[in-house]
Structure formats: structure tokens, C-alpha cells
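Spelled out from the first residue to the last, the chains are:
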Amino acid sequence: MKSRNKFLFLAAGLALAVIAVVAVSIGNPFSARAAGRALLPNDAKVLALGKQVYGAQCASCHGVALEGQPSWRERGSNGLLPAPPHDASGHTWHHPDEILFRITKHGVAKAANLASYTSAMPIYEGLLSDDEIIAVLSWIKAQWPAQVRERHDQINAQHLRAKG
């Protein structure tokens, strides 16, 4: 009888641990995808944070309406490219979530392994948390038309298949 009580006690403890993990995951929309750096463009809580971070950190260069800077494909007199648009007219959606995350966190040079590349884009490692980076990129994606979002989802799927 004692061994049955021990078993029931252990089973109950395990069940409580599983419930706690699920509850924490449900309460934190970032936790489910943070490891894979996947964006969450359908989560209102994430988008609210993303909009705030975008306004504070990104809009001054990339534009309030995601329009980017004029002549963004041509290097300026300083040799740097202006900030590209993040709307459907730009190239942001051509990159999978993981690459967008790495570019934002570590900078273009490190993300693309280009040691001599210089960019006006700040490196946000140490300035923004991973959750804030995911939130701002999620907010950007949420602004795209449905067909661009669908195409971006396909790009993500291709990228994941290529990684194995």
C-alpha cells in the first residue's frame, strides 16, 4: 500500500509540474517561439509591445509608416545605404524570421558574415531584449498585406526545411 501511495504522490507531482509549465507558456506568448526566433504577428500583446518599440527605436529611420528613407537602394555620400522600407515594397519580408532576428540583434555584418560591411543600422544586442526584438519584427509583419504575409510564411518554411 505504501508503494502505491508513493506512486500516486509522484504522479500528482509530475502532473502539477506539467500544468505549471503549460500555464507559464500560455501566459508568455514569446516562450513558445522564442527559441526558434519565430514571429508572432497574430498576438495582440506582442503587437502592442512591438508598436511601442518600433516607434521608439525604428521609426526615426525606417519611417512611421514603414516607408524607409528616400533612395534606399543607393549608397549615400557616406558610403552607407539609407534605411530600407519595412512595408511590402521593401525587402524585409524576403528574409526568414531567424535572419531578421539576427540582423536586428547582431547587425548586418555579423548576421551575413561580412567582416568589412558597415551599416548605419544600430546593433540592438544589449539595447533590446530578445522578446522586444521579436515583438517589433512581429508588429512589422502584422502590417503587411495578407499575400505578403503568406509568402513570408512560405519563405520561413523553406528556410526551416533547408536547415534540416
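Conventions we followed
- Residues numbered from 1 in each chain as written.
- Predicted model: local features only at pLDDT ≥ 70, side-chain atom pairs only at ≥ 80, totals over all residues.
- Heavy atoms only, no water.
- Helix = DSSP H or I, 4+ residues; strand = E, 2+ residues; numbered from the N terminus.
- Buried < 20%, exposed > 50% of the residue type's maximum accessible area, 1.4 Å probe, protein only.
- Contact = heavy atoms within 4.5 Å.
- pLDDT = per-residue confidence, 0-100.
- Core = buried A, V, L, I, M, F, W, Y, C linked by side-chain atoms within 4.5 Å.

Novice: Is there a simple way to explain the side chain of His62 in this structure?
Specialist: Positionally, His62 belongs in helix H3 (residues 59-62). When its relative accessible area of 8% is taken as the criterion, His62 is described as buried. Excluding anything up to four places from it in sequence, His62 contacts Tyr54, Glu67, Gly68, Ala83, Pro84, His86 and Met121.

Novice: Even after reading the chapter, I still don't get the confidence of the model for the protein, so can you show me in this structure?
Specialist: It should be kept in mind that the predicted coordinates are not to be read in detail where pLDDT is low. With 77% of its residues at a pLDDT of 70 or more, the protein shows a mean pLDDT of 82. Across residues 7-35, where pLDDT falls below 50, the model places 17 contacts with residues more than four positions away in sequence or in other chains.

Novice: Sorry, what's going on with the nonpolar core here?
Specialist: Soluble, globular proteins show a tendency: their nonpolar side chains are buried together. If you look at the biggest cluster of nonpolar residues, it comprises 24 residues, and the most contacted ones within it are Tyr54, Val136, Leu137, Trp139 and Ile140. Listing elements by their share of this core, those giving two or more residues are helix H2 (44-57), helix H4 (97-106), helix H6 (130-142) and helix H7 (146-163). With seven residues, the single largest contributor to this core is H6.

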